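# Chains, contacts and geometry: an overview
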Amino acid sequence: MNTDLQKGADNLLLTCAGLLPGDRLLVLHEGVEETYYHVDILDVVLERAQALGIEVATQEVPFSPDGATPGEDLVAQMKGATRSLFLARFGDQIRFNSDMAGIRPIMSYALDAGMLASGFGQGHYHGFVAIKDAVNRMVARAEDIHVTCPLGTNFRGDGAKFPTQIADVAVTRFPMSVFAPVPAGNFCGQVVQHGFLVGTGSRFYEPYACALAGPVTFTVHQGRITALDGDDGDVSVARQHYDWVSARYGIDPWCIHSWHAGIHPGCSYDRPVAEDFARWSGAAFGNPRLLHAHTCGSYAPGEISLNVLDPTIRLDGVAVWNNGRFDAHLVPGVAEILDEHPDIAAIFAQPARGVGQCPEETLSGTWA
């Protein structure tokens with residue numbers, strides 16, 4: 001195993017999972033017929049865990065497009081292990097399941113060995129958790145939040161209006177790559193989409209994405225989509241997609257529940273979006289070049305994601321994200337975190353720019 005892979009695997013197994021020799025790791029993975037995760041990451045995890053003296057058990061979990069609740073047998077297996085690791089979309093689908101709070105399984109958003117060996121996998125896990133916490137505090141204190149993008153996105157709210165307990169998921173996310181979802185109920189303005197609409201990783205319906213030939217402007221008022229503007233054909237396609245998805249699941253199509261952006265500049269996705277929309281939506285979102293909103297359903301993450309490329313996010317006038325670049329030094333307390341973790345500082349100094357965009361720097365590309 002090369003040095004980069006070993007560092008990424010150790011960051012997952014030792015730093016994130018906190019495993020020690022003699023501990024028991026349960027790895028839950030998809031079947032070989034699925035291609036969302038590459039089998040090489042399973043091989044790396046098993047090899048490194050065994051080399052570290054960690055007892056490893058594996059369990060195949062079926063991929064359920066509409067999601068599922070963990071059965072009693074699976075819950076018992078997870079409770080019987082020191083830690084459980086999902087190399088499976090199932091873990092993402094249950095990330096808001098409160099029953100997982102006492103188990104805290106780990107969900108890996110590194111989908112292959114290359115992602116694990118990159119800065120995304122190697123960046124010190126607890127350092128990024130500390131950055132997320134610092135961003136959460138700054139967002140929670142902000143009295144004015146203003147989001148724009150080069151395509152014309154422009155929405156604003158008078159603060160995040162987080163609940164008393166900031167909402168978060170019930171699984172441990174590895175790597176840590178987003179801040180807590182900002183409730184959208186007090187935000188108004190426009191979100192401009194270009195290229196496609198896509199799912200959120202909650203359910204995997206077909207078609208999972210729909211093509212937009214040109215930009216479509218979603219007008220938002222206090223957490224509701226109130227109008228769609230653009231080419232008549234694109235607007236019709238978007239409305240039909242929302243109507244179809246919402247009817248399938250019996251949910252409110254025009255709700256925007258929340259939004260957040262990436263905080264991990266080591267997150268890189270270098271394949272075209274259209275090659276595999278589901279894989280892109282589950283792997284690229286941690287890069288600061290992407291902001292996404294949870295829509296179609298009055299819950300996180302909803303069923304349709306609105307994706308903004310290269311956002312500028314101003315917190316009380318301070319552009320913490322500036323055209324897709326996350327200036328972590330503008331967040332109180334993060335300079336000290338970067339001093340403590342020079343590996344993370346190096347990632348911020350040379351941020352990954354690949355997020356599946358086409359050469360024209362839009363989220364469209366060739367429709368597969």
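Here, the structure is the one placed above.
Residue positions are given per chain, counting from 1 as you read along its sequence in written order. The predicted origin of the model limits local features to residues at a pLDDT of at least 70 and limits the giving and counting of side-chain atom pairs to 80 or more, whereas totals for whole chains, interfaces and linings rest on all residues. The side-chain numbers reported here are obtained from all heavy atoms of the structure, hydrogens and water having been left aside.

Where a strand is regular, its side chains alternate between the two sheet faces. Using a 1.4 Å probe on the protein chains alone, a residue whose accessible area is under 20% of its type maximum counts as buried, one over 50% counts as exposed, and one in between counts as partly exposed. In this description a helix means any DSSP run of H or I spanning at least four residues, a strand means any run of E spanning at least two, and both kinds are numbered starting from the N terminus. Here strand β9 (residues 187-193) lies mainly inside the structure; 5 of its 7 residues are buried. Here strand β6 (residues 154-157) pairs with β9 via 4 bridges, running antiparallel. Following the sheet pairing, Asn 154 is matched in β9 by Gln 190. Whether two strands pair comes down to DSSP finding at least two bridges between them.

A separate point is the pattern of salt bridges. For this document, the term salt bridge refers to a Lys or Arg side-chain nitrogen within 4 Å of an Asp or Glu carboxyl oxygen. Tallied over the full model, the rule gives 14 salt bridges. In this structure, the salt-bridge partner of Glu 275 is Arg 271, at a minimum N-O distance of 2.7 Å. Residue Glu 275 is classed as partly exposed on the basis of its relative accessible area of 46%. On the basis of relative accessibility, which here comes to 46%, the residue Arg 271 falls in the partly exposed class. Members of the salt-bridge network, linked through shared partners, are Glu 30, Glu 34 and Arg 89.

With that settled, the discussion passes to the nonpolar core. Core analysis: the biggest nonpolar cluster contains 129 residues, and Ile 131, Phe 218, Trp 259 and Phe 326 have the highest contact counts within it. A total of 8 residues in this core trace back to one element, the largest contributor, which is helix α7 (residues 125-141). By definition, residues are in contact when any of their heavy atoms lie within 4.5 Å. Beyond its immediate chain neighbours, meaning those up to four positions away, Phe 218 contacts Gly 189, Gln 190, Val 191, Gln 193, Leu 197, Ile 225, Ala 227, Leu 228, Ala 238, Tyr 242 and Leu 306. By nonpolar core we mean a set of buried residues, namely Ala, Val, Leu, Ile, Met, Phe, Trp, Tyr and Cys, connected to one another through side-chain atoms within 4.5 Å.

Here the focus is the environment of Thr 219. With respect to the secondary-structure elements, Thr 219 resides in strand β12 (residues 216-221). Residues Thr 219 and Asp 229 lie 10 residues apart in sequence; the distance between their C-alpha atoms is 8.0 Å. Excluding anything up to four places from it in sequence, Thr 219 contacts Gly 189, Gln 190, Arg 224, Ile 225, Thr 226, Ala 227 and Asp 229.

This next bit is on unusual backbone geometry. The phi angle of most residues is negative, glycine excepted, and most peptide bonds adopt the trans form. In this structure, the amide linkage connecting Phe 174 to the following residue, Pro 175, adopts the cis form with an omega of -15°. With an omega of 0°, the peptide bond between Ala 300 and Pro 301 qualifies as cis. With respect to the secondary-structure elements, Pro 301 resides in the loop between β15 (290-295) and β16 (304-309). At Arg 104, a residue that is not glycine, the phi angle is positive and equals roughly 50°. For Arg 104, the position within the fold is in the loop between α4 (89-93) and β4 (106-108). The exposure class assigned to Arg 104 is partly exposed, which follows from its relative accessible area of 33%. Here Asn 323, not a glycine, exhibits a phi torsion of approximately 55°, which is positive. Within the secondary structure, Asn 323 sits in the loop between β18 (318-322) and β19 (325-326). Residue Asn 323 is classed as partly exposed on the basis of its relative accessible area of 38%.

Before going further, it helps to spend a moment on the pairing of strand β2 (residues 55-60). Note: strand β1 (residues 24-29) against β2, 6 bridges, orientation parallel. Following the sheet pairing, Val 27 is matched in β2 by Thr 58. When the strands point away from the viewer and the path from the first strand over the helix to the second turns clockwise, the crossover is right-handed. For the crossover from β1 across helix α2 (residues 39-51) to β2, the handedness is right-handed.

Reading across the sheet, the 8 strands line up as β13-β12-β9-β6-β5-β17-β18-β19 and stay open at both edges, with antiparallel pairing between neighbours. Each edge of the open sheet carries a strand with a single partner, namely β13 (224-230) and β19. Sheet analysis places strand β5 (residues 145-148) next to strand β17 (residues 312-315), joined by 4 bridges and oriented antiparallel. If you follow Val 147 over to β17, its bridge partner there is Ile 313. Between N-to-C directions, angles span 0 to 180 degrees; the directions come from axes that are lines fitted to C-alpha atoms, helices contributing only their stretch in contact. Strand contacts of helix α8 (residues 232-249): β12 and β13, with the helix running at about 150° to β13, the strand carrying the most contacts.

Moving on: the side chain of Arg 279. Position of Arg 279 among the secondary structure elements: in helix α9 (residues 277-283). In this structure Arg 279 comes out as buried when scored by relative accessible area, which is 13%. A 3.5 Å cut-off defines polar contacts: any pair of N or O atoms within that distance qualifies, except that in protein one atom must be a possible hydrogen donor and the other a possible acceptor, and neighbouring residues in sequence count only when both atoms are side-chain atoms. Looking at Arg 279, its side chain comes within polar contact range of the main-chain oxygen of Tyr 36, at 2.7 Å. In contact with Arg 279, not counting residues within four places along its chain, are Thr 35, Tyr 36, His 38, Leu 111, Asp 112 and Tyr 269.

Any Phe, Tyr or Trp ring, taking Trp's six-membered ring, that has another such ring centre within 6.5 Å forms a pair; planes under 30 degrees apart are called stacked, those over 60 apart edge-to-face, and the others tilted. By the definition in use, this model includes 21 aromatic pairs. Every member of this aromatic cluster is reached through a ring pair, and the members are Phe 128, Phe 155, Phe 179, Phe 187, Trp 259, Trp 321, Phe 326 and Phe 348. The criterion is that NZ of a Lys, or CZ of an Arg, lies within 6 Å of the ring centre and within 35 degrees of the ring normal, and then a charge sits over that ring. Just above the ring of Phe 63 sits the side chain of Arg 89; from NZ or CZ to the centre is 3.7 Å. The ring centre of Trp 254 lies 5.6 Å from the NZ or CZ of Arg 239, which sits over that ring.

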